[in-house]
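Here is what each chain is made of, one letter per residue.
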Amino acid sequence: MSDKKEKIQEKKFCTDSGIEIKRIYTSDSSKKKDNDDAGQFPFTRGVQSDMYRGKLWTMRQYAGFSTAEESNKRYKYLLANGTTGLSVAFDLPTQIGYDSDHELAEGEVGKSGVAIDSLRDIEILFDGIKLEDITTSMTINSTASILLAMYVTLAKKQGADIKKISGTIQNDLLKEYAARGTYIYPPKASMRIITDIFEYCAKEVPKWNTISVSGYHIREAGSTAVQELAFTLANGKAYLQAALERKLDINVFAKRISFFFNAHNNLFEEVAKFRAARRMWAKITKELGATDERAMMLRFHTQTGGSTLTAQQPQNNIVRVTVQALSAVLGGTQSLHTNGFDEALSLPTEEAARIALRTQQILAYESGATLTVDPLGGSFFVEALTDEVEEKAWEYIRRIDAMGGSVSAIEQGFMQNEIARSSYEYQDNIEKGKKIIVGVNKFTVEEKPQGDLFSIDDSIRSLQVEKIKKLKTERDNSKVKSSLVKLEESAKGNSNLMPFILDAVENYATLGEIADVMRKVFGEFK
């Protein structure tokens, strides 16, 4: 018995980020003494004093596929089933600025999200949905300015007061260079477009979140929780500095910066990550000159981990998603998307989307996790783990600052190499059996092929191409040409691009036509 006990004591237990976990934690495990209340700097315990006692998180299911008509049906289905905010997925051609009739769009139209070629598609996408009554998050980056212009134009056409519409564009290009790859323009041009959006929205659409700094895709690319936190906040810091260089007021624009994090299976590490993120961002913004506490608050959306979903025994994913969603709730998220259990196999079916939404609703109304603020606050383990996650993330940020900041670190390949190393180590541990994935490398069964999968056929492209042809015969092409010429002139100068993009959108220029004008001026990043 004593030999067995000694072997257990010799074994090293770690989080997925390699943080060693002690056998037991005591009151001496955490030395930090923050403000013990929520809603006060540095917001470790939450950005609102009452958190979910006052208002639940936004249940924002991520959806978009095929045509605008088909996605509109799914949005109405989700809203009817209790979704409180929409989150739009765009197909790959839309994300990288190609219309559906472009040769490089072949085979991708409507596959990873909805195909949007012009304002007309946005009008169909939100048909019967009042934009003033909902919040909409759009996972779009390189073409964020164009999609935002389409959304604002539609809101105006609906008679909405655009100063009251709210939502988020992802608009985070730095993580595209580091982890995801849907960039178009070089970093300098991308940062100009991003800060143009900051400036425009501060004046015209003040309730809009102008950027959602995304750790989600960094994590999906294979990073650890600590790397996700560090690289995301380092990128956020770079956006703050770019806006300050444009003489924008940090107490105004920082309030409209939100974050987008991943939630994985290591429950306590994820909770610690979310708590540390708030504390770190409060310190970063304060050091850069913020004096309004609302500008120091880190508000974030969470999505459960797509890369954690398994094609083997896919029903197991319901449990994984529940654990991940619970970590986001215990960590104090402001909005949440839960993945469908079948997403390792296909786009989610209606049944999978409904179960995913019901998971959030059960956590909200049945679990008791919402009854008090920061339920794990004060736990010896969670407080100590929050400290350790924070310190390891600061170590990364100090290294990035020494390189000259995020842009320089990305150009040197630092973030990419760190993510690749972590991804390799994680997969290697799975293949060697050191990391157990239930149903994959342990507790496996012989399975039958899955039926009733959701799929998109290639005829969608033909439908979109016909819509583009029809649009070009019906619009005033002389106005389109004039608006694109003005956009090109502004891109060559120093004017804010947003008014010119809005003008082109209102005249029904296509997304590809607008993106091509900026390609011509700024070039493409290789």
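Q: Explain the overall build of the chain here, please?
A: When its secondary structure is counted, the chain shows 20 helices and 9 strands. For 526 residues, the compact-globule estimate of 2.2 N^0.38 gives 24 Å, and the C-alpha radius of gyration of the chain, at 23 Å, lies within 12% of that figure. Summarising its shape, the C-alpha atoms of the chain cover approximately 85 × 60 × 45 Å along the three principal directions. Taking all 526 residues of the chain together, the buried fraction comes to 57%. Looking at the chain, you have 69 positive and 72 negative side-chain charges, and the mean spots of the two groups are 3 Å apart.

Q: Would you mind going over the layout of surface pockets with me for this structure?
A: Quantified by volume, the second largest pocket comes out at close to 1,400 Å³. Lining the second largest pocket are 50 residues, with T15, D16, S17, Y426 and K435 positioned closest to its centre. Taken together, the elements giving at least two residues each to the lining of the second largest pocket come down to α8 (216-220), α9 (225-245), α12 (316-330), α14 (380-402) and α16 (414-431). Take the lining of the second largest pocket: its biggest share by element is 8 residues, from α16. Counted by class, the lining of the second largest pocket contains 19 nonpolar, 18 polar and 13 charged residues.

Q: Before we go on, may I ask you to explain the pairing of strand β8 (residues 300-304) in this structure?
A: For a regular strand, side-chain orientation follows a simple rule: the groups alternate between the two sheet faces. Of all 5 residues in β8, 5 are buried, a share of seventy percent or more. A two-sided burial pattern is seen for β8, the buried positions comprising F300, T302 and T304 on one face and H301 and Q303 on the other. A crossover connection joins strand β7 (residues 257-263) to the parallel β8 through helix α11 (residues 267-287); in handedness this β-α-β unit is right-handed. Where β8 meets strand β9 (residues 335-337), 3 bridges bridge the pair, whose relative direction is parallel. In the strand pairing of β9, Q303 is matched with H337. In terms of handedness, the path from β8 via α12 over to β9 forms a crossover that is right-handed.

Q: Sorry if this is basic, but what is going on with the side chain of T308 here?
A: Summarising the element assignment, T308 is placed in the loop between β8 and α12. Since its relative accessible area comes to 9%, T308 is described here as buried. Of the polar contacts made by the side chain of T308, one reaches the backbone oxygen of G305; its length is 2.6 Å. A polar contact is formed between the side chain of T308 and the side chain of Q324, at a distance of 2.8 Å. Ignoring any residue separated from it by four or fewer positions in sequence, one finds T308 in contact with H264, N265, N317, R320 and Q324.

Q: Looking at this structure, how should I read the nonpolar core?
A: The tendency in soluble globular proteins is for nonpolar side chains to be buried side by side. If you look at the biggest cluster of nonpolar residues, it comprises 76 residues, and the most contacted ones within it are L229, F231, L233 and F259. The element that contributes the greatest number of residues to this core is α9, accounting for 11 residues. Grouped together as the second largest cluster of nonpolar side chains are 62 residues, A63, I116, W208 and Y508 included.

Q: In this structure, what is going on with unusual backbone geometry? I would like to understand it.
A: Residues apart from glycine generally show negative phi values, whereas peptide bonds are mostly found in trans. Of note, the bond from F41 into P42 is cis; its omega dihedral lies within 30 degrees of zero at 5°. Assignment of secondary structure puts P42 in the loop between α1 (2-10) and β1 (58-63). One non-glycine residue, F43, lies in the positive phi region at around 65°. Relative to the helices and strands, F43 is located in the loop between α1 and β1. One non-glycine residue, Y508, lies in the positive phi region at around 70°. Its location among the elements puts Y508 in the loop between α19 (498-506) and α20 (511-522). Y508 sits in the buried class, given a relative accessible area of 15%.

Q: Can you help me understand the sheet that holds β9 in this one?
A: The strands that make up a sheet pair up through hydrogen bonds in the backbone, lying either parallel or antiparallel. Pairing within the open sheet is parallel, and its 9 strands lie in the order β5-β4-β3-β2-β1-β9-β8-β7-β6. Two strands bound the open sheet, and with one partner strand each, they are β5 (208-209) and β6 (211-214). Looking at chain direction, β1 and β9 are connected through 2 bridges and run parallel. Looking across to β9, one finds that T58 is bridged to S335. Helix α2 (residues 68-80) contacts β1 and β2 (85-89) of the sheet and is inclined by roughly 150° relative to β2.

Q: What is the right way to look at the environment of E123 in this model?
A: Within the secondary structure, E123 sits in helix α4 (residues 119-125). Overall, E123 belongs to the partly exposed group, its relative accessible area being 21%. Residues E123 and E488, 365 residues apart in the sequence, show an inter-C-alpha distance of 26 Å. In this structure E123 touches L154, K157 and Y508, once residues within four positions along its chain are discounted. A polar contact is formed between the side chain of E123 and the side chain of K157, at a distance of 3.1 Å.

Reading guide: rules and limits
Per chain, the residues get numbers from 1 upward, laid out in the order the sequence is written. Per-residue local features are limited, in this predicted model, to residues with pLDDT of at least 70; the limit for side-chain atom pairs, both in listing and counting, is 80 or more; totals at the level of whole chains, interfaces and linings are taken over all residues. To obtain the side-chain values, all non-hydrogen atoms of the structure were included, while hydrogens and water were left out. Helix and strand labels come from DSSP, where a helix needs a run of H or I of at least four residues and a strand needs a run of E of at least two; each type is numbered from the N terminus. Here the radius of gyration uses the C-alpha set of atoms, whereas the globule reference equals 2.2 Å times the residue count to the power 0.38. Each residue's exposure class comes from its accessible area (1.4 Å probe, protein chains only) as a fraction of the maximum for that residue type: buried when under 20%, exposed when over 50%, partly exposed otherwise. Positive charge is attributed to Lys and Arg, negative charge to Asp and Glu, and no charge count is given to His or to the chain ends. Every charge is mapped to an atom, namely NZ of Lys, CZ of Arg, CG of Asp or CD of Glu. Of the two site types, the cavity is a set of points on a 1 Å grid over the protein atoms alone where a 1.4 Å probe fits but cannot get out, and the pocket is an open set with protein on both sides within 12 Å along at least five of seven lines, each lined by residues with an atom within 4 Å of a point. Grid points are joined across faces, edges and corners, and a volume is the space filled by probe spheres set on the points. Only Asp, Glu, Lys and Arg are considered charged, only Ala, Val, Leu, Ile, Met, Phe, Trp, Tyr, Cys and Pro nonpolar, and every remaining residue, Gly among them, polar. Clockwise travel from the first strand over the helix to the second, with the strands pointing away from the viewer, marks a crossover as right-handed. When DSSP finds at least two bridges between two strands, those strands are taken to pair. A 3.5 Å cut-off defines polar contacts: any pair of N or O atoms within that distance qualifies, except that in protein one atom must be a possible hydrogen donor and the other a possible acceptor, and neighbouring residues in sequence count only when both atoms are side-chain atoms. What makes two residues a contact is simply this: any of their non-hydrogen atoms within 4.5 Å. We call a set of buried Ala, Val, Leu, Ile, Met, Phe, Trp, Tyr and Cys residues a nonpolar core when their side-chain atoms join them within 4.5 Å. Whenever a helix is involved, its axis is fitted only over the stretch in contact; in every case the axis is a line through C-alpha atoms, and angles between N-to-C directions fall within 0 to 180 degrees.

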